[in-house]
Amino acid sequence: MRLRNIPGSREVIAESEFVIHDMEETRGKWADVFGNDHPIYIEVGMGKGRFITQLAIENPDKNFIGIEKYSSVLLRAIEKREELSDLTNLYFLRMDAEDLEKVFAPGEVQGIYLNFSDPWPKDRHAKRRLPSKEFLARYDRILVPEGKVEFKTDNKDLFDFALEQAKEANWDLEACTFDLHHNEEMMQGNIMTEYEERFSSQGNPICKMIISREKR
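Conventions and cut-offs
- Within each chain, residue numbers correspond to sequence positions counted from 1 in written order.
- Two thresholds apply to this predicted model, a pLDDT of at least 70 for residue-level local features and 80 or more for giving and counting side-chain atom pairs, whereas whole-chain, interface and lining totals are computed over all residues.
- Excluding hydrogens and water, the side-chain figures rest on all heavy atoms present in the structure.
- Numbering of helices and strands runs from the N terminus, with a helix taken as a DSSP run of H or I at least four residues long and a strand as a DSSP run of E at least two residues long.
- For the radius of gyration, the atom set is restricted to C-alpha positions; the globular benchmark scales as 2.2 Å times the number of residues to the power 0.38.
- Partly exposed describes any residue whose relative accessible area lies between the buried limit of under 20% and the exposed limit of over 50%, with all areas from a 1.4 Å probe on protein chains only and scaled to the type maximum.
- Note on definitions: a residue-residue contact is assigned when non-hydrogen atoms from the two residues lie within 4.5 Å.
- The Shrake-Rupley method, run with a 1.4 Å probe, gives the accessible areas here. Residue values count only the displayed protein chains as cover.
- In this charge count, Lys and Arg are treated as positive and Asp and Glu as negative; neither His nor the chain ends contribute.
- For the purpose of locating charges, the reference atoms are NZ of Lys, CZ of Arg, CG of Asp and CD of Glu.
- Only buried residues count toward a nonpolar core, which is a set of Ala, Val, Leu, Ile, Met, Phe, Trp, Tyr and Cys residues joined through side-chain atoms within 4.5 Å.
- To obtain the arc, one takes the directions from the helix axis to the C-beta atoms.
- In summary, the pairing rule links any two rings of Phe, Tyr or Trp, Trp by its six-membered ring, whose centres are within 6.5 Å, and it sorts them by plane angle into stacked for under 30 degrees, edge-to-face for over 60 and tilted for everything else.
- For two strands to pair, DSSP has to find at least two bridges joining them.
- An axis is simply a line fitted to the C-alpha atoms; with a helix, the fit covers only the stretch in contact. Between two such axes, the angle follows the N-to-C directions and lies from 0 to 180 degrees.
- Our working definition of a disulfide is a cysteine sulfur pair at a distance within 2.5 Å.
- Residues adjacent in sequence count toward polar contacts only when both atoms are side-chain atoms; beyond that, a polar contact is any pair of N or O atoms within 3.5 Å, and within protein one must be able to donate a hydrogen and the other to accept it.
- Grouping into patches uses exposed residues only, defined as over 30% relative accessible area, and leaves out salt-bridged ones; the cut-off is 9 Å for like charges and 5 Å for nonpolar side chains (Val, Leu, Ile, Met, Phe, Trp, Tyr).
- Whenever Lys or Arg places a side-chain nitrogen within 4 Å of a carboxyl oxygen from Asp or Glu, that contact is recorded as a salt bridge.

Asker: Residues and numbers for the overall build of the chain, please.
Answerer: Broken down by element type, the chain carries nine helices and seven strands. A globule of 216 residues ought to have a C-alpha radius of gyration of about 17 Å, and the chain, at 17 Å, matches this closely. Principal-axis analysis of the C-alpha atoms places the extent of the chain at approximately 45 × 40 × 35 Å. The 216 residues of the chain split such that 47% are buried. In the chain, the proportion of contacts linking residues at least 24 apart, taken out of those at least 6 apart, comes to 75%. Carbon and sulfur atoms provide 45% of the accessible area of the chain, an area that totals close to 11400 Å². If the 31 positive side-chain charges of the chain are averaged to one point and the 41 negative ones to another, these points end up 6 Å apart.

In structure tokens form, the structure reads like this:
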């Protein structure tokens with residue numbers, strides 16, 4: 001069974017207290033949702049939520065929002081979240097990343113994580129890739145001035161594309177590695193996703209970059 005087609009997943013999501021349903025009404029008001037003014041970090045395309053959930057556990061002084069468009073994948077993240085009743089700094093959104101600006105006001109997000117994103121290998125789909133310059137423009141408009149985007153993947157072609165797009169869009173490359181798990185400095189504090197654990201155990205090198213907006 002394909003995860004995105006699990007029967008009943010939409011109903012569970014609609015009833016979950018951990019999913020924000022009136023998303024556009026929260027734009028510019030996320031501090032009210034969390035009940036504090038802690039910095040907000042988002043993961044775009046969080047999958048089953050392992051990465052963002054662990055971040056929230058380890059960083060109670062920060063707020064986290066996991067974004068996923070496939071209901072049956074989001075369902076898995078909700079199931080994990082329900083086991084953590086004391087966690088107060090994590091919410092989920094079921095939405096397409098193209099709509100980020102409808103949900104977050106300018107400067108409302110401190111940092112963005114992209115982990116093992118869909119490579120959309122066909123050239124005509126390049127604009128759909130999450131590290132594309134089109135998406136970088138969206139991130140630019142919701143991030144604080146010093147905000148960063150962190151991207152991990154095992155797909156070398158996608159990573160090369162991401163590096164080219166960042167340069168073309170005038171983002172600064174703050175850190176980069178083509179073999180994360182053998183880079184002691186960049187591995188500090190690294191939280192593995194499900195995909196990262198699987199691919200690295202197969203011997204596949206993991207690429208990572210951290211970028212920020214060029215000072216304007």
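Still more to cover.
Asker: Could you give me a rundown of the nonpolar core, with the residues and numbers involved?
Answerer: It is characteristic of soluble globular proteins that their nonpolar side chains tend to be buried jointly. In this structure, I42, L93, F104, I112 and Y139 are the most contacted members of the largest nonpolar core, which totals 37 residues. In this structure, F18, V19, Y41 and Y113 belong to the second largest nonpolar core, which totals 18 residues.

Asker: Give a detailed account of helix α6 (residues 133-142), specifying residues and quantitative values.
Answerer: Within α6, burial applies to F135, L136, R138, Y139 and I142. Down the axis, α6 shows its buried residues gathered within 155° of arc, on one side only.

Asker: Can you tell me about the packing of aromatic side chains, naming the residues and giving the values?
Answerer: Within this structure, the stated rule accounts for eleven aromatic pairs. With a centroid separation of 5.3 Å and an interplanar angle of 65°, the aromatic rings of F34 and Y91 are classed as edge-to-face. With F34 in helix α2 (residues 30-34) and Y91 in strand β3 (residues 90-94), the pair connects residues that are 57 residues apart, well separated along the chain. Both residues of the pair, F34 and Y91, count as buried.

Asker: Can you break down the sheet that holds strand β7 (residues 207-213) residue by residue, with the values?
Answerer: If you walk across this open sheet you meet the seven strands as β3-β2-β1-β4-β5-β7-β6, and the pairing is mixed. Each edge of the sheet is formed by a strand with only one pairing partner; in this case those strands are β3 and β6 (171-177). Taken pair by pair, the neighbouring strands of this sheet meet at an average axis angle of 20°, ignoring direction. The sheet contacts of helix α4 (residues 71-81) involve β2 (63-68) and β3, and relative to β3 the element is tilted by about 165°.

Asker: Which residues make up the state of the cysteines, and what values do they have?
Answerer: Under the counting rule described, the total for this entry stands at zero disulfides. The thiol of C176 is unpaired, and the distance to the nearest cysteine sulfur, on C207, comes to 7.6 Å. Residue C207 is classed as buried on the basis of its relative accessible area of 3%.

Asker: Explain helix α9 (residues 194-201) to me, and be specific about the residues and the numbers.
Answerer: A distance of 3.3 Å separates the backbone nitrogen of Y195 from a side-chain oxygen at the start of α9, and that oxygen is part of T193. Within two residues after α9, G203 carries a phi angle of roughly 90°, on the positive side.

Asker: I'd like a description of a positive patch on the surface, backed by residues and values.
Answerer: Together, K69, K122, R124 and R128 give the surface a local cluster of positive charge. In this structure, R128 sits in the loop between β4 (109-115) and α6.

Asker: Which residues make up the pattern of salt bridges, and what values go with them?
Answerer: By the definition in use, this model includes eleven salt bridges. For the salt bridge of D140 with R213, the shortest nitrogen-to-oxygen distance reads 2.6 Å. Of this pair, D140 sits in helix α6 while R213 sits in strand β7, placing them 73 residues apart in sequence.

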